[in-house]
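# Coordinate analysis (summary)
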Amino acid sequence: NAGVMQNPRHLVRRRGQEARLRCSPMKGHSHVYWYRQLPEEGLKFMVYLQKENIIDESGMPKERFSAEFPKEGPSILRIQQVVRGDSAAYFCASSPGTQGLPGPQHFGDGTRLSIL
Amino acid sequence: AQTVTQSQPEMSVQEAETVTLSCTYDTSESDYYLFWYKQPPSRQMILVIRQEAYKQQNATENRFSVNFQKAAKSFSLKISDSQLGDAAMYFCAYRSPSTWDYGGSQGNLIFGKGTKLSVKP
């Protein structure tokens, strides 16, 4: 499967635990976006990364949330000390860089995070 | 800031009939991209159709077409010959043209709240 790969597909955590969501972009894509979808809502932008750089994190909550996209390996969205309100579907999208500009975004299947 | 509004939380169509989903947006930019995404119960996000604002011609993809009215900031999706497999949430999305201005958002998508489409056999 050459598409955007997200894992796990479902993640259950208890309040106070940490959640790590992984996203492997499509081959050749150097831009990664994370979105959050609350129940009955559209997707909301969280963060945009390129390899080893956070370009735009204007949609990220100020506390407990962090993201990285290392030189090697997948992009990671990390949520520390999870609370019930973090329950949502988290989608990753990737796009190629064309002459420095992002291209069309391709989405993964999402990770559904449930907080007990 | 740009906003996207989908005023129809739910729509229903008879199989083989035509349905139109509405979307309006607000922006001060002159160039941008618009998209319709489909999200079936499996929750995948599937790109249905895209439109570049500088193109006057409405985009078409098989049974899916758009009515893009730039002056009215309207971007509706028409589904012809509806099929049972078209039943899903449909999201309209806006995207700014990308620049290397690190002070602004770099091409992230802004979504509406979605329209749930049901298809009746």
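Residues numbered from 1 in each chain as written. Chains lettered and ligands numbered in written order. Predicted model: local features only at pLDDT ≥ 70, side-chain atom pairs only at ≥ 80, totals over all residues. Heavy atoms only, no water.

## A few points about the overall build of chain A
We count it as follows: In this text, helices come from DSSP runs of H or I with a minimum length of four residues, and strands from runs of E with a minimum of two, each type numbered from the N-terminal end. The globule rule used here is 2.2 Å times the number of residues to the 0.38 power, and the radius of gyration it is set against is calculated over C-alpha atoms. For every residue, the accessible area obtained with a 1.4 Å probe (protein chains only) is divided by the maximum for its type, and the residue is called buried under 20%, exposed over 50%, and partly exposed between those limits. Only heavy atoms matter for contacts: two residues are in contact if any of them lie within 4.5 Å across the pair.
Within chain A one finds 0 helices and 13 strands. The helix and strand sequence of chain A, counted from the amino end, reads β-β-β-β-β-β-β-β-β-β-β-β-β. By the compact-globule yardstick of 13 Å for 116 residues, chain A fits well, its C-alpha radius of gyration being 13 Å. Oriented by its inertia axes, the alpha-carbon framework of chain A measures out at about 45 × 30 × 30 Å. Taking all 116 residues of chain A together, the buried fraction comes to 44%. Of the contacts made within chain A by residues no fewer than 6 positions apart, 53% connect residues no fewer than 24 positions apart.

## A word on the overall build of chain B
Condition: Only the protein chains shown count as covering a residue, and every accessible area follows the Shrake-Rupley method with a 1.4 Å probe.
Assigned secondary structure in chain B consists of 0 helices and 12 strands. Across chain B, helices and strands are ordered from the amino to the carboxyl terminus as β-β-β-β-β-β-β-β-β-β-β-β. For chain B, the C-alpha radius of gyration of 15 Å lies close to 14 Å, the compact-globule estimate for 121 residues. With the C-alpha coordinates of chain B rotated into their principal frame, the extents come out at 50 × 30 × 25 Å. Looking at chain B as a whole, 46% of its 121 residues are labelled buried. The contacts of chain B with a sequence gap of at least 6 include a subset with a gap of at least 24, amounting to 57%. Accessible surface for chain B amounts to roughly 6000 Å². Of this, 47% is attributable to carbon and sulfur atoms.

## Section: the sheet that holds strand E3 (residues 19-24) of chain A
Strand pairs in the sheet, formed through backbone hydrogen bonds, run parallel or antiparallel to each other. Residues and elements named next belong to chain A. Spelled out, the test is: A pair of strands is treated as paired once DSSP finds two or more bridges between them. For every element, the axis is a line fit to its C-alpha atoms; helices are fit only across the contacting stretch, and the angle between N-to-C directions ranges from 0 to 180 degrees.
In space, the 4 strands of this open sheet follow the order E1-E3-E8-E7, with antiparallel pairing throughout. Each edge of the open sheet is held by one strand with a lone partner, namely strand E1 (5-7) and strand E7 (65-68). Here the average twist between neighbouring strands, direction ignored, is 15°.

## Some thoughts on the state of the cysteines
Here is the rule: We call a pair of cysteine sulfur atoms a disulfide whenever their separation is within 2.5 Å.
Tallying each qualifying case throughout the model produces 2 disulfides over all chains. One disulfide in the model links A:Cys23 with A:Cys92; its S-S distance is 1.8 Å. On the sign convention where negative means left-handed, the S-S torsion of about -55° between A:Cys23 and A:Cys92 marks this disulfide as left-handed. Of this pair, A:Cys23 sits in strand E3 while A:Cys92 sits in strand E9 (residues 88-95), placing them 69 residues apart in sequence. Residue classification places A:Cys92 among the buried residues on the basis of a relative accessible area of 0%. The disulfide bridge from B:Cys23 ends at B:Cys92, spanning 2.0 Å between sulfur atoms.

## Concerning the nonpolar core
Short version of the rule: As used in this record, nonpolar core signifies buried Ala, Val, Leu, Ile, Met, Phe, Trp, Tyr and Cys residues forming a set joined through side-chain atoms within 4.5 Å.
Grouped together as the largest cluster of nonpolar side chains are 25 residues, with contacts concentrated most on B:Tyr25, B:Trp36, B:Phe75, B:Leu77 and B:Tyr90. Only strand E3 (19-21), strand E5 (33-39), strand E6 (46-52), strand E8 (64-69), strand E9 (74-79), strand E10 (88-95) and strand E12 (115-120) of chain B provide two or more residues apiece to this core. Here this core takes 4 residues from E10(B), the largest share from any one element. Beyond its immediate chain neighbours, meaning those up to four positions away, B:Phe75 contacts B:Cys23, B:Tyr25, B:Leu34, B:Phe35, B:Trp36, B:Gln51, B:Val66, B:Asn67, B:Phe68 and B:Cys92. The next biggest cluster of nonpolar side chains, apart from the first, holds 22 residues, and it includes A:Val4, A:Leu11, A:Cys23 and A:Met60.

## Quick notes on the pattern of salt bridges
Convention followed: Between Lys or Arg on one side and Asp or Glu on the other, a salt bridge is scored when a side-chain nitrogen of the former is within 4 Å of a carboxyl oxygen of the latter.
Throughout the structure, instances matching the rule amount to 8 salt bridges over all chains. Among the salt bridges present, the one from A:Glu41 reaches B:Lys113, with a minimum N-O distance of 4.0 Å. Here A:Glu41, found in the loop between strand E4 (31-37) and strand E5 (43-50), pairs with B:Lys113, found in the loop between strand E11 (109-111) and E12, and the two come from separate chains. A relative accessible area of 23% places A:Glu41 in the partly exposed class. Its relative accessible area of 53% is what places B:Lys113 among the exposed residues. For the salt bridge of B:Asp26 with B:Lys73, the shortest nitrogen-to-oxygen distance reads 3.7 Å. Of this pair, B:Asp26 sits in strand E4 (residues 24-26) while B:Lys73 sits in the loop between E8 and E9, and the two are 47 residues apart along the sequence. Take B:Asp26: its relative accessible area is 41%, and that puts it in the partly exposed class. Look at B:Lys73 and you get partly exposed, because its relative accessible area is 26%.

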